[in-house]
Amino acid sequence: MEVIVCSAYQEMSVQAAHEVSKVLNTKPNAVLGLATGSTPLGLYKELVRLHKEEGLDFSQVTTFNLDEYVGLPDTHPQSYHYFMKQNFFQHINIPPQNVHIPSGTTRNHLAFCAWYERRITECGGIDLQLLGIGSDGHIAFNEPGSSLGSRTRIKTLAKETIQDNARFFEKKQDVPIYAITMGVGTILEARKLLLLASGKSKAAAVAAAIEGPVTSMITASALQLHPNSMIFMDKEAASQLKMRDYYQWIQDNKPGAPQPEP
Ligand code: GLP
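Residues numbered from 1 in each chain as written. Predicted model: local features only at pLDDT ≥ 70, side-chain atom pairs only at ≥ 80, totals over all residues. Heavy atoms only, no water.

**Observations concerning the site of the ligand**
Taken together, 13 residues lie around the ligand, and Ser38, Thr39, Asp67, His138 and Lys202 are the ones closest in. Within the side chain of Ser38, a nitrogen or oxygen atom sits 2.7 Å from an oxygen atom of the ligand. The contact in question runs from an oxygen atom of the ligand to an N or O atom on the backbone of Ile133, over 3.3 Å. When the ligand is considered free in solution it has 390 Å² of accessible area, and contact with the protein chains removes 94% of it. Under a 2 Å grid-point criterion requiring more than half of the atoms, the pocket assigned to the ligand is the largest pocket. Taken together, the residues that form the shell around the ligand break down as four nonpolar, six polar and three charged. (Near = heavy atom within 4 Å. Polar contact = N/O pair within 3.5 Å; in protein donor to acceptor, adjacent residues only side chain to side chain. Areas by Shrake-Rupley, 256 points an atom, 1.4 Å probe, with all protein chains shown as cover. 1 Å grid on protein atoms, 1.4 Å probe; cavity = no way out; pocket = protein on both sides within 12 Å on 5 of 7 lines; lining within 4 Å. Sits in = over half its atoms within 2 Å of the grid points. Nonpolar A, V, L, I, M, F, W, Y, C, P; charged D, E, K, R; others polar.)

**Some thoughts on the sheet that holds strand β9 (residues 192-197)**
Taking strand neighbours across the sheet as the criterion, the seven strands line up as β1-β10-β9-β6-β2-β3-β5 in an open arrangement whose pairing is parallel. Each of the sheet's edge strands pairs with one partner strand only, and the pair in question is β1 (2-6) and β5 (99-100). Pairing of strand β3 (residues 62-65) with β5 involves two bridges; the strand directions are parallel. In the strand pairing of β5, Phe64 is matched with His100. Relative to the sheet, helix α4 (residues 109-122) contacts β3 and β5, its axis offset from that of β3 by approximately 150 degrees. (Pairing = 2+ DSSP bridges. Helix = DSSP H or I, 4+ residues; strand = E, 2+ residues; numbered from the N terminus. Contact = heavy atoms within 4.5 Å. Axes fitted to C-alpha atoms, helices over the stretch in contact; angles between N-to-C directions.)

**So, the sheet that holds strand β7 (residues 153-156)**
In space, the three strands of this open sheet follow the order β4-β8-β7, with antiparallel pairing throughout. Across the chains shown, the open sheet's two edge strands, defined by having one partner strand only, are β4 (67-69) and β7. Between one strand axis and the next, the sheet turns through 30 degrees on average, direction left out of account. Note: β7 against strand β8 (residues 178-181), four bridges, orientation antiparallel. Counterpart to Ile154 in the pairing with β8 is Ile180.

**Observations concerning the layout of surface pockets**
Considering only enclosed or pocket space, the largest pocket measures out at about 670 Å³ in volume. Broken down by secondary-structure element, the contributors of at least two residues to the lining of the largest pocket are β4, α3 (80-87) and α5 (159-165). Per-element accounting of the lining of the largest pocket gives the leading share, three residues, to α5. Split into classes, the residues belonging to the lining of the largest pocket amount to 15 nonpolar, 14 polar and four charged. Looking at the second largest pocket, its volume works out to about 260 Å³. Along its surface, the second largest pocket is lined by Asp74, Thr75, His81, Tyr82, Lys85, Phe89, Gln90, Ile94, Pro96, Val99 and Ile101. Of all the elements, α3 adds the most residues to the lining of the second largest pocket, at three residues. (Points joined across faces, edges and corners; volume = space filled by probe spheres on them.)

See below:
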């Protein structure tokens, strides 16, 4: 796990977007796993800027979103379909048929989730998966207690998550209590994971995920099992990390590229 503490939200967003663009520059037809929430907004903004001003190309990219609320149609302003369209897809050149987001209105959850998993495999697997973190330590909607081997499925949201996400809805009662979400096992199969965290409200979850034990009670701790994961955060989100000086020391002393043998 590479832990990168940035001075502020904007720097975090730009650095993380740079990681995404590096993948697209080496593999133009990469498969990206995408996340929603307020945290990745700055990253999407920077990717849109890179597309408009520096020609970052999405014409061959395929995407899979992590999750969607059950019961919300694509046109609902709080649906993740709507979020992705407004904040990202409508500003870049991705072909609509390359975009995958779990359906909030499917009547057959089991069949839909099995299809979603199959599509990921058919597309060659996810090259880079973006992630946020919930204040209860969840990734996607894998709430505390989710199996670390879980796959895409319907999940009941934790009360804490409903409370956290109520700010986007008119009233708390409007927040759906179910979601379709990629599982922790699905996420761990991505070739690279990139988790973003911002603000004091995430500090405890971030510390537990990075420095606590691997546990299904904090599903973000599963990143400790992944061979290629990066965690970007601002100072506030890093405020409860005990080993912060060491993470900085690592960033300041990165080994150079391997030299050819004489
Ligand atoms: C939701 C999403 C998560 C996201 C989390 C944090 O629960 N399902 O994928 O990481 O919110 O959101 P925010 O970035 O708004 O704090």
